[in-house]
Amino acid sequence: FRVTVRDTTTPQLTVPAQVLAEATGPSGTIVNYSFSAVDLVDSAVAVICSPALGDLFGLGTTRVTCTATDDAGNSAQASFDVIVRDTTPPRLTNLPNVFAEATSPQGAAVNFAVAATDIVDAAVAVVCSPAAGGIFVLGRTEVTCTATDDAGNETQASFDVVVRDTTPPMLQDVPTDRTVEANSDAGAVVTFLLPGGDDIADPNWVPACNTPSGSTFPVGTTIVTCTGTDASGNTSF
């Protein structure tokens, strides 16, 4: 009689339950994964997976199917998912401190540009608060910018906008030279109107003269110096 020994047993194929990978660019990332196959008869079993190990996987979920085939033609199949995710937040750029000169008592309109880069998205939305182009008050204001990519990853960064007043008041209507007749040996009492003028940032600045109006001026020539000083300490002569 004849005894025929056959191999009809499929290989035992082992694949991952799931593979998670981080995107490294807009096209996704190259993914490596592990698998193995053992057989009762063959010491080495050919395994073919599609998409293949080391292929470029796009963002999202990709189904991978592996087939192990022994020398007798028995085959086993198994599948698993490769999930390529984008969990890397954008990176904010161009965040220098901004200095601006006051243009009114309210401060100044300040413009600035903040950009963001992302390993996946070509364009990233950036929202800053307070927003560029708004009125910033005198002094230091912290601006916080948030960049959000299409996957919902966020990053925040802050910088300062400093509005300064370095412009002195502008004196106007300064009294002209005048000659007054002495009415005593001390000289004469002289009155004059204080200069007027304007200041960009301080509407309440007050002019002052080193010899006040209504003082007694001695015989001879006295030089009166008038100055205007605003709240920021800027002085004009």
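As a reminder, the structure under discussion sits directly above these lines.
Residues numbered from 1 in each chain as written. Predicted model: local features only at pLDDT ≥ 70, side-chain atom pairs only at ≥ 80, totals over all residues. Heavy atoms only, no water.

(A) Expanded view of unusual backbone geometry. Following S50, the chain continues into P51 via a peptide bond in cis, with omega recorded as -5°. You can see P51 is positioned in the loop between strand 5 (46-50) and strand 6 (56-57). Phi angles above zero are rare outside glycine, and N94 is one such case at about 55°. For N94, the location among the structural elements is in the loop between strand 9 (91-93) and strand 10 (98-101). With a phi angle near 55°, D173 is a residue other than glycine that sits in the positive phi range. On the secondary structure map, D173 appears in the loop between strand 17 (170-172) and strand 18 (188-190). (Helix = DSSP H or I, 4+ residues; strand = E, 2+ residues; numbered from the N terminus.)

(B) Main features of the sheet that holds strand 20 (residues 206-209). The strand order 20-22-23 describes an open sheet built from three strands, whose pairing is antiparallel. Since the sheet does not close on itself, it has two edges, and those belong to strand 20 and strand 23 (235-236), each with one partner. (Pairing = 2+ DSSP bridges.)

(C) Local environment of the pattern of salt bridges. Counted under the stated rule, the structure contains two salt bridges. Between R63 and D81 there is a salt bridge whose closest N-O contact spans 3.1 Å. Highlighted residues: R63 in strand 7 (residues 60-69) and D81 in strand 8 (residues 75-85), separated in sequence by 18 residues. The exposed category is assigned to R63, whose relative accessible area is 52%. (Salt bridge = Lys/Arg side-chain N within 4 Å of Asp/Glu carboxyl O. Buried < 20%, exposed > 50% of the residue type's maximum accessible area, 1.4 Å probe, protein only.)

(D) Layout of the sheet that holds strand 13 (residues 125-129). As summarised here, the arrangement of the four strands in space is 10-16-15-13, forming an open sheet in which the pairing is mixed. If you trace the sheet from one side to the other, it starts and ends with strand 10 and strand 13, each paired once. Within this sheet the neighbouring strands show an average axis-to-axis angle of 25°, counted without direction. Across ten bridges, the pairing between strand 15 (residues 139-148) and strand 16 (residues 154-164) is antiparallel. Its bridge partner lying in strand 16, V143 is registered against F159. (Axes fitted to C-alpha atoms, helices over the stretch in contact; angles between N-to-C directions.)

(E) Region of interest: the nonpolar core. Counting 20 residues, the largest nonpolar core has L13, V31, Y33, V64, C66, F80 and V82 as the members making the most contacts within it. Elements with a contribution of two residues or more to this core: strand 2 (18-22), strand 5, strand 7 and strand 8. It is strand 8 that provides the largest number of residues to this core, a total of five residues. One finds A116, V124, F136 and V143 within the second-largest nonpolar core, a separate group that totals 19 residues. (Core = buried A, V, L, I, M, F, W, Y, C linked by side-chain atoms within 4.5 Å.)

(F) Local environment of the state of the cysteines. Considering all chains together, one arrives at three disulfides under this definition. With a sulfur-sulfur separation of 2.0 Å, C128 is cross-linked through a disulfide to C145. The disulfide joining C128 to C145 has a torsion of about 105° about its S-S bond and is therefore right-handed. Note that C128 is positioned in strand 13 and C145 in strand 15, a separation of 17 residues in sequence. (Disulfide = S-S within 2.5 Å.)

(G) Region of the structure containing the pairing of strand 2. Alternating positions in strand 2 separate cleanly, V19 and A21 being buried on one face and Q18, L20 and E22 remaining unburied on the opposite face. Two elements, strand 2 and strand 8, share five bridges in a ladder whose sense is parallel. Note that in strand 8 the partner of V19 across the bridge is V82.

(H) Here's a closer look at the side chain of D165. If you trace the backbone, D165 turns up in the loop between strand 16 and strand 17. R164 provides the closest opposite charge to the buried, unpaired D165, separated from it by 9.5 Å. In this structure the side chain of D165 is engaged in a polar contact, spanning 3.2 Å, whose partner is the backbone nitrogen of T167. (Lys, Arg positive; Asp, Glu negative; His and termini not counted. Polar contact = N/O pair within 3.5 Å; in protein donor to acceptor, adjacent residues only side chain to side chain.)

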